[in-house]
Structure formats: C-alpha cells, structure tokens
Amino acid sequence: MSSSMLNNLPEDVLMDIFARLPVKSLLQFKCVCKSWCNLIKDPIFITKHVNQSALSNNGYLAVTRQGSTFGGNCSISLISYETFREVIRITIPSKEYGKAPFTIVGSCNGILCLNVSEIGDTNFLFNPATSEFKELPKPNYPIHELKEDTISDFIGLGFGYEPESNDYKLVRISYSKRLENQFYSGVDVYSLSTNSWRRKNRLVLGTVLVNSFSKAFINGALHWRGVTLKRGDVRCHIISFDLPYKIDLAKEEWWPFVRNGSLAMVIRSKTHEEHHYIFNIWVMNEYGVKKSWTKQLTVGPLFVLKLVECGMNEELLFATHSTMYLYDLQRIKPPHDDILEADIIGNNFVPWVEVVNHIESLVTIEGTKVYAKRVRKNSWFGKYFIFFQLFFGLVVMVAYVVILPKLIHFLYPTNVSE
Amino acid sequence: MKFCTVKQYFDDENNNNVTNGIATTVIPLPNKHLKIKANNKEMEQYEQELLRNVMPQELTKLILAANYLNFKEALDFFCRTVANAIQNKSVDYVRKFFGLESDFEPGEEEKLCKEFAWSFEGVDED
C-alpha cells in the first residue's frame, strides 16, 4: 500500500478541509498543483467556503479610514473579531475617487459596497481579499428635485445578496412625492448579474430620513429608517414596518439594525448632560409582527454619539466623531453607564464612522484586478506599545536625572570648586 | 443509525478502504462521544491524544475510513485537524504533507504566486 494516500482524498473531503481555511491560505494553495487551483476557483467551493465562514468566528469589522494627512487615498481597516485590533489596512484602489471620503454601504459574502456620492449614484464593489474592484454604472433615473441641497437627506442605499438568483443587489430609495397626505419614495435596484439599474414601478410608503445606509439586511429584505405621515403628523417608520411607538424627533434619534438574527432598533435619547445619551435597544422578536417589538436593554448615559453596529457576538459598537468603542455586554456588568469601561478600537476613522460586519471570501465580482496596497498591522507591537512608551519615558527620565548633571559638570568644569 | 455501512463492511471481506486498525480507532468514537457528550473539553482532550502520534499517512486512512463509514462527526474532526495543520503553512510544506508535486508549466506557477503576493507574507516556518 502506498505510504501517503492524502493525494487521493476525494474532492468533497478536500473541499471540506479547504472550506475551513482562511482566504490567505487558499490563495497560496492555488500554487500547490493544478487540481487544487481548479478546486479553489470553483464557484461551488467558493459558496461552500462563504457559508462555512459565516458560521465561524473569523469575521472582521470593516471601517473606512481617512487618507493620511499628505493626501493619501482612503483606506479600509479590517478589525478582527478575535482581538478587536486592526489587523489589515487596505488602501482603496481608485485613482479618480480614492481621496474622496468613501463610506461603506454594506458587506455581503466578503464583498464591500462603497459609495462616494451623496445622491447615491457613484458606487463601487470591492473584494479586498481578491483585489477585485468594480465601479458600478450610474443609475440614469432622475431624482426628485427638492429645494436646495436637501435631497441627499432623503436618499437611502442598501446592499444585499439574493441566494435564489445568486445575485448581489444595490438598492437606492429616494423621495418621490407627497400624495394624499402621505410620503412616497421611488426604488432603484442595481443587479450585479445584469450590471444595470432598474426603477421599480411601485412606490414605497414613506421617505428615508437623513441619507442613511441600510444597516439591517435580514430575511432577504433591506430596512431603512424613515418617516410617514399619519393624520398630518410625522411618524417614524422602518421602511416597511411600523415602529412600536411614536418617537419624538426632537429628543430622540433612532436606527434600525440586526441583532442576533432579528430586526432591531436603537433609540437614542438625550439626557440632561450634554453629549451624554441613553440607548434603548428594541428587538422585533417575530419578524413582521408589530406587537412583537420588545425592549431588550438600556445602555447609558454614555459619552458617545451613536451606536454604529451590533457585533457578531452581540457586542455593541459605539462611536463619537472618529473614535470607535467596543462595549462587550458579557464582560461589562450593569449599570451600563460608563463608556470608559469599553475598549477603544481606534480613532482616525472618517467622521460619522460607518462600520459593517465583514468576512473574507473568494467571491468574484468580475471587476478589474487592481493593486490594492494591503498592510498587515502588527498587533504584537500594538499590544505592547504602551510598554514601549512607558519604557521610553523611563529612559528619558533617567537620562534627565542622571546624565544631565554629569554633562553639565563635564562641559563647565569651572563650576566645580576644587 | 450511524452504522448501516459498518454492517456492510463486515459483510464485505475484500474491503481495502478500512483496515482493522482503523476500525478500532474510529468505531469506538461515537460511544465515547455519548459518554462524555456534555463535556466538550474532555472530548477535545481525548481526540488530541488520539491524534498525537498520527502521521499524515495514518490521518489519510482515518479520513477515508470515516468517509466510507459515513461518520460525520469523525470526518468533521479529522478535516478540522488537517485544516489546522496546514493553515498558514508554506506551499512546499503542504506539498510534502500531502505527497503532491507541482504539475504547473514553468511560467504558470510564478504567475499565480505573483497575483496574490500578499498572501505569501507572514507564513509559518516549516
């Protein structure tokens, strides 16, 4: 019997092994032999790998960072769920738009959807693992002409994946009209498989509030925060579901997102302390059932501006203008009222930082292969940086106290009396 | 039940897929599983001990046995072990591990390596 039969492993067993490997290893192992290369490129395997990744804890948080002070391109930070430290920084490979402030619309199956324009017509798809970058065509549908520059306040974008057709979709909602005392919005949908936009015939009830990206892609539907009119009164509304109660817009801000597999919503209320807010998290326990909205927890008052995302393990991510905090509910016991208990994930993000949950995948978007500069952040250094700083400080202090007098003595010997 | 194929195996005497040695390793696994089902750590330790001195060649036989017996948990465990063993290792290491040789044309392999040069950084020492 031959000594090693590993090279005779059946293909589905090999796929099982490969599906557990990170993208980095898979890209290398393409070079092992032809059959491995073909297996790794196989779309069936790529889908299996994506599904496996979704189950494991190998995810990341993707955040955009400002370009350097010398006018460099924007970059995307990938923050690992294992250490909550930045592990990779990838520069956005766009000559034309690279310096503009990019925002992440969403991430599906390892593909990031990026946006640079306020009216949602300049968008990109980017798979940082395979370095495929694709500028999407502009939707040639008119946007309602609202007064001045307010139109961007009523435009929402959302990125999602449709498993039935294996297609990636970008949806743009924009205010369309007010009819019979009710707001309506138009919906434009971009499909990757046709690489084109289509405007839906039917209008959607309500209008999106303040240029939002859909943070909530669940049950095959995208959700935005919006408003409708009811008997002349402005009511808050998750576009297509009603909220549990009327929110007083003067005091409270709110966003829908996904928490632990359910549609959820966070309502931010002001407190008497400036810049301190209380966050109430509500969860729709039964999707589509209005009565199933339940208040799950209250966090605050905290000195932050907004809740940006719910982590894969139910951590809460808060942000100020450019700093991001990780609030681990399993570690921090109530009362939840001190942001200093949270970990700082980093700063120097773009203002109003947008964060998404992201995995690495080999999914192809048929974009152009670009050179995207990818820098591994040495987390070892980061962890011990504080000690380096302390050590350096100590050295400086010792030098000041011990060496300086000796130096003076040496330079000015006449000071010393014999 | 898990072992419909086991009966078939015992009936089929000319079976080269599963040797006796393997049968004694793989088959007791579900019983052990049930005994210490609640305690994952113990199971992990048991499995680690089991594989401590197993060479890649033996591992192949175990995998094929588990695959033939349709034993999902064991197959899951073995695949996980192999994946952990080769993760972030160099291409040469993996070739040795699996007993494979490169069958690329002279320029092809280089081209592939260049495409994703970043993935070759920070690879574990062999």
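Residues numbered from 1 in each chain as written. Chains lettered and ligands numbered in written order. Predicted model: local features only at pLDDT ≥ 70, side-chain atom pairs only at ≥ 80, totals over all residues. Heavy atoms only, no water.

**Q** Sorry, what's going on with the nonpolar core here?
**A** Looking at soluble globular proteins, one finds that nonpolar side chains tend to be buried together. Counting residues in hydrophobic clusters, the biggest one holds 64 residues, and the most contacted among them are A:Ile17, A:Phe18, A:Trp36 and B:Phe98. Here this core takes 8 residues from helix α6 (residues 72–86) of chain B, the largest share from any one element. Two domains each donate at least three residues to this core, and these are domain 1 (1–87) and domain 2 (88–126) of chain B. Counting residues in hydrophobic clusters, the runner-up holds 22 residues, among them A:Ile281, A:Phe318, A:Ile332 and A:Ala342. (Core = buried A, V, L, I, M, F, W, Y, C linked by side-chain atoms within 4.5 Å. Buried < 20%, exposed > 50% of the residue type's maximum accessible area, 1.4 Å probe, protein only. Helix = DSSP H or I, 4+ residues; strand = E, 2+ residues; numbered from the N terminus. Domains from an automatic or database assignment.)

**Q** For this particular structure, what's the right way to read helix α7 (residues 91–98) of chain B?
**A** Those residues of α7(B) that fall on the buried side of the exposure criterion are B:Val91, B:Val94, B:Arg95, B:Phe97 and B:Phe98. The buried residues of α7(B) all sit within an arc of 160 degrees when viewed along its axis, so they share a single face. (Arc of directions from axis to C-beta.)

**Q** What exactly am I supposed to notice about the layout of surface pockets here?
**A** A probe matching the size of a water molecule, rolled over the atoms, marks out where space remains unfilled. Its boundaries defined by the atoms lining it, the second largest pocket holds a volume of some 1,100 Å³. Along the walls of the second largest pocket sit 38 residues, with A:Pro22, A:Asn58, A:Tyr60, A:Glu82 and B:Gln87 positioned nearest its centre. With 4 residues, helix α4 (residues 43–55) of chain A is the single largest residue contributor to the lining of the second largest pocket. Its residues assigned to classes, the lining of the second largest pocket shows 12 nonpolar, 16 polar and 10 charged. No fewer than three residues from each of domain 1 (1–87) and domain 2 (88–126) of chain B sit in the lining of the second largest pocket. (1 Å grid on protein atoms, 1.4 Å probe; cavity = no way out; pocket = protein on both sides within 12 Å on 5 of 7 lines; lining within 4 Å. Points joined across faces, edges and corners; volume = space filled by probe spheres on them. Nonpolar A, V, L, I, M, F, W, Y, C, P; charged D, E, K, R; others polar.)

**Q** Got a minute to help me understand unusual backbone geometry in this structure?
**A** Most peptide bonds are trans, and most residues other than glycine sit at a negative phi. All names here are of chain A. In this structure, Pro 301 follows Gly 300 across a cis peptide bond, with omega equal to 0 degrees. Take Pro 301: it is sitting in strand β22 (residues 293–302). If you check the backbone angles, Asn 109 has positive phi at about 50 degrees while not being a glycine. Mapped onto the secondary structure, Asn 109 falls in the loop between β4 (103–108) and β5 (111–115). Asn 109 gets classed as partly exposed once you look at its relative accessible area, which sits at 22%. Even without glycine at this site, Asn 166 takes up a positive phi of about 50 degrees. Within the element layout of this structure, Asn 166 appears in the loop between β8 (155–162) and β9 (167–178).

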